[in-house]
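# Survey of secondary and tertiary structure
Below are the chains, spelled out letter by letter.
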Amino acid sequence: MRAMEVVKGEPGAVVEVDEARLGADGVLVDVTHSSLNYKDALAVAGRPGVIRADRLIAGIDLVGTRRDTGERVLVNGRGLGETHDGGLAEVARVPAEWLVPVPERFTDAQAAAIGTAGYTAALCVLALDGIGDGPVAVTGASGGVGSIAVAVLARAGREVHAVTGKASAHGEQLRRLGATEIVDRAELEAPGKPLQSERWAGAVDTVGGPFLANLLSGTRYGGTVAACGMAASTELTTSIMPFILRGVTLAGVNSVFTPAAARGAAWALLDRDLDAGLLDEITTTIGLGDAVAAAQRILAGETTGRIVVDVRG
């Protein structure tokens, strides 16, 4: 079988791998599609911090057919592409309990387009359950997590403020996804006051650093900010004021170790509220051999939306 293998510290390469290398424990899945997330881009480009083995098949997502039953299944996270051979391969072997049925209305390619990014976006939206009326901000709105969060929130009837540094290039697309206001990232990227005017009922933050601090400071009483990324910075400099004076909640979202019940709830939300046509608009499909070049574009900030890898191509 063909696979995108990464040797620690080196860019990935497409190689032929014997299925026997996958071991004997778990269920074989004939993979049709995977995707490129930010983590995948780091791994495939040979950057440190993702691959936890000397040699591993990359890919934190997979979609395909369970070989023993013929059921269409998917896996997001769970250590794929980090501690366990991942989904950028024609075959994968994973524990049966990791498998999630693909919702019937999504094709394999669409399920891969959703992938960890869309599933993480859904977890963030679920974390906002119970917030009051008012707009919801989404940072990194033109990226994978952000764009799907915008679409799902808008479909659920929320007023969405899309925060992006690419407003001139991607504002029209974000409005098609459902954003009602485009916010220039420059408004949030510099440190601000510890308590600002109440602007949002809640927020989905994909970048961290001063963006997260400013979102917390500008969230209305009783609101929630769901944080799932740290592309801007791992540091958070804020005060206790939004939490004590406004009862704001900071909800951290980790998609890798999420229990099965929460995964099911996230995919049920996507099945209900994600417009598959809009998903297709923001998706680019590439072959396995194009993954390294695409990873470099992701890290350079030159991509938007979702990149699906057809591992058979």
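To keep things clear, this report deals only with the structure shown in the data block. Given the structure is predicted, the values throughout are model-derived calculations rather than measurements. (Residues numbered from 1 in each chain as written. Predicted model: local features only at pLDDT ≥ 70, side-chain atom pairs only at ≥ 80, totals over all residues. Heavy atoms only, no water.)

### A word on the overall build of the protein chain
When helices and strands are tallied, the protein chain shows nine helices and 16 strands. The globule rule puts the C-alpha radius of gyration for 313 residues at 20 Å, and the 19 Å found for the protein chain is close to it. Oriented by its inertia axes, the alpha-carbon framework of the protein chain measures out at about 60 × 40 × 35 Å. Relative to all contacts within the protein chain whose residues are 6 or more apart in sequence, the contacts with residues 24 or more apart total 70%. (Helix = DSSP H or I, 4+ residues; strand = E, 2+ residues; numbered from the N terminus. Rg over C-alpha atoms; globule rule 2.2 N^0.38 Å. Contact = heavy atoms within 4.5 Å.)

### A few points about helix 5 (residues 209-217)
The element helix 5 is largely enclosed, with a buried count of eight among its nine residues. If you check which residues of helix 5 are buried, you get G209, F211, L212, A213, N214, L215, L216 and S217. Tucked into the core, helix 5 has its buried residues touching strand 9 (136-138), strand 12 (200-205), strand 13 (219-227), helix 6 (241-245) and strand 14 (249-252). (Buried < 20%, exposed > 50% of the residue type's maximum accessible area, 1.4 Å probe, protein only.)

### Focus: the packing of helix 2 (residues 108-127) against helix 7 (residues 260-273)
Where helix 2 contacts helix 7, the axes come no closer than 9 Å and their chain directions differ by 105°. Relative to helix 7, the element helix 2 is oriented roughly perpendicular. Contact with helix 2, carried on its side by A111, I114, G118, Y119, A122, L123, V125 and L126, involves A262, R263, A265, A266, W267, L269 and L270 of helix 7 and no other residues of that element. Here the residues of the contact of helix 2 with helix 7 are counted per class, giving 13 nonpolar, one polar and one charged. (Axes fitted to C-alpha atoms, helices over the stretch in contact; angles between N-to-C directions. Parallel < 35°, antiparallel > 145°, perpendicular 65-115°, else oblique. Nonpolar A, V, L, I, M, F, W, Y, C, P; charged D, E, K, R; others polar.)

### A short note on unusual backbone geometry
Here the phi dihedral of R78 falls at roughly 65°; this positive angle occurs in a residue that is not glycine. Mapping R78 onto the fold places it in the loop between strand 6 (72-76) and strand 7 (91-94). Exposure remark for R78: the relative accessible area of 21% places this residue in the partly exposed category.

### Describing the packing of helix 2 against helix 3 (residues 144-155)
The relative placement of two packed helices comes down to the angle between their axes together with the axis-to-axis distance. Contact geometry of helix 2 with helix 3 gives a least axis separation of 8 Å together with a crossing angle of 55°. The orientation of helix 2 relative to helix 3 falls into the category oblique. When the axes of helix 2 and helix 3 are compared, the crossing they make is right-handed. Within the contact between the two elements, helix 2 uses A113, I114, A117, G118, T120, A121 and V125 and helix 3 uses G144, V145, I148, A149, V152 and L153. (Left-handed = near helix turned anticlockwise from the far one by under 90°.)

### Describing the sheet that holds strand 4 (residues 55-57)
Read from one edge to the other, the open sheet built from three strands follows the order 2-1-4, with strand pairing classed as antiparallel. The sheet terminates laterally at strand 2 (13-16) and strand 4, the two strands that pair on one side only. Averaged over all pairs of adjacent strands, the angle between strand axes in this sheet comes to 45°, irrespective of strand direction. Where strand 1 (residues 2-7) and strand 4 come together, three bridges link them in antiparallel fashion. Residue pairing for strand 4: V7 is matched across the bridge by R55. (Pairing = 2+ DSSP bridges.)

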